[in-house]
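# Descriptive structure summary
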Amino acid sequence: MTSTEQDGTVGGPDRRTALQLAATAAVSGVLAAGAGVSSSAPAAAHPSAAEAPPPATEAEAGADELAHYYRFWEIVQGRRLVKTHGYWSFDGPEIPFDPREVYRLVDNPDTQRLEKGSAAREASERCDRAYTEMLRTLNRVFDGHPEELRQAERQMKVLGTQARALMRIPSAPGAKTFLAPAFQLAGDD
């Protein structure tokens with residue numbers, strides 16, 4: 001157990017380094033998968049390069065958000081990505097870090113380990129069902145039914161709602177950690 005885990009706080013001199021390493025790992029995974037970057041942007045483009053193409057947005061889907069790849073890089077850089085004089089840079093507002101906003105979640109969540117019939121198990125199963133339905137719809141989207149993409153987006157929002165509800169349930173009576181989505185496929189009941 002680290003000193004951070006012992007005293008229940010998040011922070012210290014290595015906090016920024018740890019956040020950068022975690023975000024860099026996440027960005028690497030997203031980049032390797034090709035997710036979050038428009039097909040017109042070269043996969044190796046680094047968003048801090050002045051000549052980098054503008055970040056892919058989800059504007060086509062009706063949202064005005066940066067793609068996941070660039071949002072992760074904002075965390076690494078500690079600043080928002082902004083376009084100034086035709087160039088993208090991390091010169092936007094600082095991204096604050098408030099350790100009180102960090103979810104303290106249980107490691108390796110598993111719906112099957114939760115007591116059958118408990119509120120915790122039911123919430124985890126709802127989350128798993130939402131996840132499964134979203135994956136099924138995405139599979140159909142990429143299997144020749146692009147018209148179902150909006151449905152998948154709605155299901156992503158439902159999954160987010162279910163996950164946030166689950167993360168408000170303590171992992172055990174008196175525990176300092178909370179449940180987390182298991183992201184397990186729900187069976188056909």
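If you're wondering where the values come from, they're calculated on a predicted model, not measured in any experiment.

Scoring rules and cut-offs
- Residues numbered from 1 in each chain as written.
- Predicted model: local features only at pLDDT ≥ 70, side-chain atom pairs only at ≥ 80, totals over all residues.
- Heavy atoms only, no water.
- Helix = DSSP H or I, 4+ residues; strand = E, 2+ residues; numbered from the N terminus.
- Contact = heavy atoms within 4.5 Å.
- Areas by Shrake-Rupley, 256 points an atom, 1.4 Å probe, with all protein chains shown as cover.
- pLDDT = per-residue confidence, 0-100.
- Expected span 1.5 Å × (residues − 1).
- Buried < 20%, exposed > 50% of the residue type's maximum accessible area, 1.4 Å probe, protein only.
- Arc of directions from axis to C-beta.
- Lys, Arg positive; Asp, Glu negative; His and termini not counted.
- Salt bridge = Lys/Arg side-chain N within 4 Å of Asp/Glu carboxyl O.
- Polar contact = N/O pair within 3.5 Å; in protein donor to acceptor, adjacent residues only side chain to side chain.

### Concerning the overall build of the chain
When its secondary structure is counted, the chain shows five helices and two strands. Going from the N terminus to the C terminus, the chain shows its helices and strands as α-α-α-β-β-α-α. Across the chain, every contact between residues at least 6 apart in sequence was considered, and the portion connecting residues at least 24 apart equals 51%. Surface accessibility of the chain: about 12400 Å² in total, with carbon and sulfur atoms responsible for 54%.

### Considering the confidence of the model for the chain
Overall, the predicted model of the chain reaches an average pLDDT of 76, with 65% of residues at or above 70. Here helix H1 (residues 3–7) stands out as the least confident element of the chain, with mean pLDDT 39; helix H4 (residues 119–141) is the most confident, with 96. Between residues 1–13, whose pLDDT stays under 50, and residues either more than four places distant or in other chains, the model counts nine contacts. Here residues 36–53 is a poorly scored stretch, pLDDT under 50, and it has 31 contacts once near neighbours within four places are set aside; other chains count.

### Some thoughts on helix H5 (residues 149–166)
Taking 1.5 Å of rise per residue, the 18 residues of H5 would be expected to cover 26 Å, and the 25 Å separating its terminal C-alpha atoms lies within 8% of that figure. Within the span of H5, buried status applies to Ala152, Gln155, Leu159, Gly160, Ala163 and Leu166. Across the axial projection of H5, the buried residues extend over an arc of 150°, all falling on one side. For H5, the secondary structure elements touched by its buried residues are H4.

### Describing the side chain of Asp128
Note on placement: Asp128 falls in helix H4. For the buried Asp128, no salt bridge exists, and the shortest N-O distance to an oppositely charged side chain is 7.2 Å, to Arg121. A distance of 3.3 Å separates a polar side-chain atom of Asp128 from the backbone nitrogen of Gln184. Discounting chain neighbours no more than four positions away, the residues touching Asp128 are Thr111, Ala182, Phe183, Gln184 and Ala186.

### Examining unusual backbone geometry
For His85, which is not glycine, the phi dihedral falls at a positive 55°. Looking at the secondary structure, you find His85 in the loop between strand E1 (82–84) and strand E2 (87–89). Take His85: its relative accessible area is 75%, and that puts it in the exposed class. In the Ramachandran plot, Phe183 falls in the positive-phi region, its phi being about 50° despite a non-glycine side chain. For Phe183, the location among the structural elements is in the segment after H5.

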